[in-house]
Amino acid sequence: MCCNNFLEENIVLDMSIVTKRLVEKSELEQLLTPPKAQLDKHDSYIKEVQDKILQGGLSFVELNNSYGCQAYILCNSVKFARL
């Protein structure tokens, strides 16, 4: 998960959940920043993650804001609960 500038009064505009669809490399790079020692393997890792999302093994969640925090999340599944 990568979450920036999370504050108490953030306003969420929308959230997108992607699975079984191609996630662009530029979107995944927001989340998957490589250590300098592994830069040469980064492109193949991004491709591996893209393939897992396409196959439905992972989901990519993007939280878009009107004000404040923007978040990128890579997870196995997403579940909504009634409050």
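Our subject is the structure that appears above.
All chains use their own residue numbering, which begins from 1 and follows the written sequence. Predicted model: local features are reported for residues with pLDDT of at least 70 only, side-chain atom pairs are reported and counted for 80 or more only, and whole-chain, interface and lining totals are derived from all residues. Remark: hydrogens and water are excluded; side-chain values derive from all non-hydrogen atoms of the structure.

Novice: What exactly am I supposed to notice about the overall build of the protein chain here?
Specialist: Looking only at helices and strands, the protein chain features two helices and four strands. Reading the helices (α) and strands (β) of the protein chain from amino to carboxyl end gives β-β-α-α-β-β. The C-alpha extent of the protein chain, read off along each of the three principal axes, is 40 × 30 × 15 Å. Taken across its 83 residues, the protein chain has 25% of its residues classed as buried. Taking the contacts inside the protein chain whose residues are at least 6 apart along the sequence as the reference set, 66% of them involve residues at least 24 apart. Accessible areas in this description were obtained via Shrake-Rupley with a 1.4 Å probe; residue shielding takes into account the shown protein chains only. About 6,300 Å² of surface is accessible on the protein chain, with carbon and sulfur atoms providing 52% of the total. His is not counted, nor are the chain ends, whereas Lys and Arg count as positive and Asp and Glu as negative. By convention, the point assigned to a charge is CZ for Arg, NZ for Lys, CD for Glu and CG for Asp. Positive and negative charge centroids in the protein chain, built from 9 and 11 side chains respectively, lie 9 Å apart. A run of DSSP states H or I qualifies as a helix once it reaches four residues; a run of E qualifies as a strand once it reaches two. Both are numbered from the N-terminal end. Exposure is judged per residue with a 1.4 Å probe applied to protein chains only, and the accessible area is read against the type maximum: over 50% gives exposed, under 20% gives buried, and values in between give partly exposed. Throughout, a residue-residue contact means that at least one pair of heavy atoms, one from each residue, lies within 4.5 Å.

Novice: Whenever I open this one, the environment of valine 49 confuses me. Can you help?
Specialist: By secondary structure assignment, the location of valine 49 is in helix α2 (residues 42–55). Valine 49 sits in the buried class, given a relative accessible area of 4%. The spatial distance from the C-alpha of valine 49 to the C-alpha of glutamate 9 is 33 Å, given a sequence separation of 40 residues. Other than its neighbours up to four places away in sequence, valine 49 contacts Leu28, Leu32, Leu58 and Leu74.

Novice: Looking at this structure, how should I read the side chain of histidine 42?
Specialist: Within the secondary structure layout, histidine 42 lies in helix α2. On the accessibility criterion, histidine 42 (11% relative accessible area) is buried. Those residues in contact with histidine 42 that sit more than four places away from it in its chain are Glu29, Leu32 and Pro34.

Novice: Looking at this structure, I do not really get the pattern of salt bridges. What am I missing?
Specialist: Where charged atoms from two side chains of opposite charge approach closely, those side chains can pair. A pair is scored as a salt bridge if a Lys or Arg side-chain nitrogen falls within 4 Å of a carboxyl oxygen belonging to Asp or Glu. One pass over the structure, following the stated rule, counts four salt bridges. A salt bridge links glutamate 29 to lysine 25; the shortest N-O distance between them is 3.9 Å. Of the two residues, glutamate 29 and lysine 25 both sit in helix α1 (residues 25–29), four residues apart, roughly one turn of that helix. We classify lysine 25 as partly exposed; its relative accessible area is 34%. For lysine 47, the salt bridge goes to aspartate 51, with nearest N and O atoms at 3.0 Å. Remark: aspartate 51 and lysine 47 occur in helix α2; sequence separation between them is four residues, near one turn of the helix. By relative accessible area, which is 27% here, aspartate 51 ends up partly exposed.

Distances and angles like these do not, on their own, reveal function.
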